[in-house]
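Commentary on secondary and tertiary structure
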Amino acid sequence: SDVCSSDLGGVADRALALDWSPDSSLLAVGGGVPSRSGEVTVFQVASGSPVLRLEAAHDDTVLALRFSPDGKRLASGGADKYLRTFDAADGKVLRRFEGHTNYVLGVAWKADGQTIASSGADGSVKVWDAETADQRITIGPFPKQVTSLRFMGNGDSLVFGGGDKLVRVVNASNG
């Protein structure tokens, strides 16, 4: 399949975030027009056809995307300072996570699908309950933005890095 060379439904010129579904059959692409809209389009890789369009996923550009470990949910972070989760099949908004004071730049799911971590331009990492959107812990602030993060394996170890040129590993349950 040559989904990468297709026009990606018009979002390719503003694509800022990408993620593959766990089975690699879908590609989620996020972006948008700064200060106007944040959009997500999910493509069927085999055909290159869009299967889901979230034209108003955020109120500002989408900067981070991640499918849940089971592929049933999609988490996105945006310049509107929110983390959101959507049903990956129908696009229904499941939760809105509020707490960052600047752009959300990264998102990661724990392997159990019950915990999400987000990182931001506010120099913080926040760990959330995926079902309730309750914030469990804030890690930081750090001197610069935290741009990316991932859970390691099946446990609570969270690795992240950013503008201060350091990579840190912390326990996500206690910081």
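Residues numbered from 1 in each chain as written. Predicted model: local features only at pLDDT ≥ 70, side-chain atom pairs only at ≥ 80, totals over all residues. Heavy atoms only, no water.

1. Here we look at the overall build of the protein
- Within the protein, the regular secondary structure consists of zero helices and 15 strands.
- Radius of gyration (C-alpha) of the protein: 15 Å, near the 16 Å computed for a compact globule of 175 residues.
- C-alpha extents for the protein along the principal axes are approximately 45 × 35 × 30 Å.
- Here the protein, with 175 residues, has 50% of them falling under the buried criterion.
- Excluding contacts between residues fewer than 6 apart, the proportion of contacts in the protein whose partners are at least 24 apart in sequence is 37%.
- Counting every atom, the protein has about 8100 Å² of accessible surface; 48% of that belongs to carbon and sulfur.
- Charged side chains of the protein number 18 positive and 21 negative; the gap between the two group centres comes to 5 Å. (Helix = DSSP H or I, 4+ residues; strand = E, 2+ residues; numbered from the N terminus. Rg over C-alpha atoms; globule rule 2.2 N^0.38 Å. Buried < 20%, exposed > 50% of the residue type's maximum accessible area, 1.4 Å probe, protein only. Contact = heavy atoms within 4.5 Å. Areas by Shrake-Rupley, 256 points an atom, 1.4 Å probe, with all protein chains shown as cover. Lys, Arg positive; Asp, Glu negative; His and termini not counted. Charge placed at Lys NZ, Arg CZ, Asp CG, Glu CD.)

2. Some details on the layout of surface pockets
- As a volume, the largest pocket reaches approximately 150 Å³.
- Lining of the largest pocket is provided by Arg66, Phe67, Ser68, Pro69, Ala108, Trp109, Ala111, Arg150, Phe151 and Gly153.
- Listing elements by their share of the lining of the largest pocket, those giving two or more residues are strand 5 (62-67), strand 9 (104-109) and strand 13 (146-151). (1 Å grid on protein atoms, 1.4 Å probe; cavity = no way out; pocket = protein on both sides within 12 Å on 5 of 7 lines; lining within 4 Å. Points joined across faces, edges and corners; volume = space filled by probe spheres on them.)

3. Describing the sheet that holds strand 10 (residues 115-120)
- Taken together, the four strands give an open sheet; going across it, the order is 9-10-11-12, and neighbouring strands pair in antiparallel fashion. Here the strands that pair on one side only, and so sit at the sheet edges, are strand 9 and strand 12 (135-139). Between one strand and the next, the sheet's axes are offset by a mean angle of 20°, whatever the strand orientation.
- As defined by bridge partners, strand 9 adjoins strand 10 across five bridges and the pair is classed as antiparallel. Considered in strand 10, the bridge of Ala108 is made with Ala117. (Pairing = 2+ DSSP bridges. Axes fitted to C-alpha atoms, helices over the stretch in contact; angles between N-to-C directions.)

4. Some thoughts on the sheet that holds strand 1 (residues 15-20)
- Strand order in the open sheet formed by four strands is 1-2-3-4, with antiparallel pairing between adjacent strands. The strands lining the two open edges of the sheet, one partner per strand, are strand 1 and strand 4 (50-58). Looking at each pair of strands side by side, their axes are set apart by 15° on average, direction ignored.

5. A short note on the packing of aromatic side chains
- For the coordinates displayed, the defined rule picks out two aromatic pairs.
- Each ring, one from Phe97 and one from Trp128, has its centre 5.4 Å from the other, and the planes form 75°; the classification is edge-to-face. You can see Phe97 sitting in strand 8 (residues 93-98) and its partner Trp128 sitting in strand 11 (residues 125-129), a full 31 residues away along the chain. In terms of burial, Phe97 and Trp128 fall into one category: buried.
- Between Arg96 and the ring centre of Tyr82, over which it is positioned, the NZ or CZ distance is 4.2 Å. (Phe/Tyr/Trp six-rings, centres within 6.5 Å; stacked < 30°, edge-to-face > 60°. Lys NZ or Arg CZ within 6 Å of the ring centre and 35° of its normal.)

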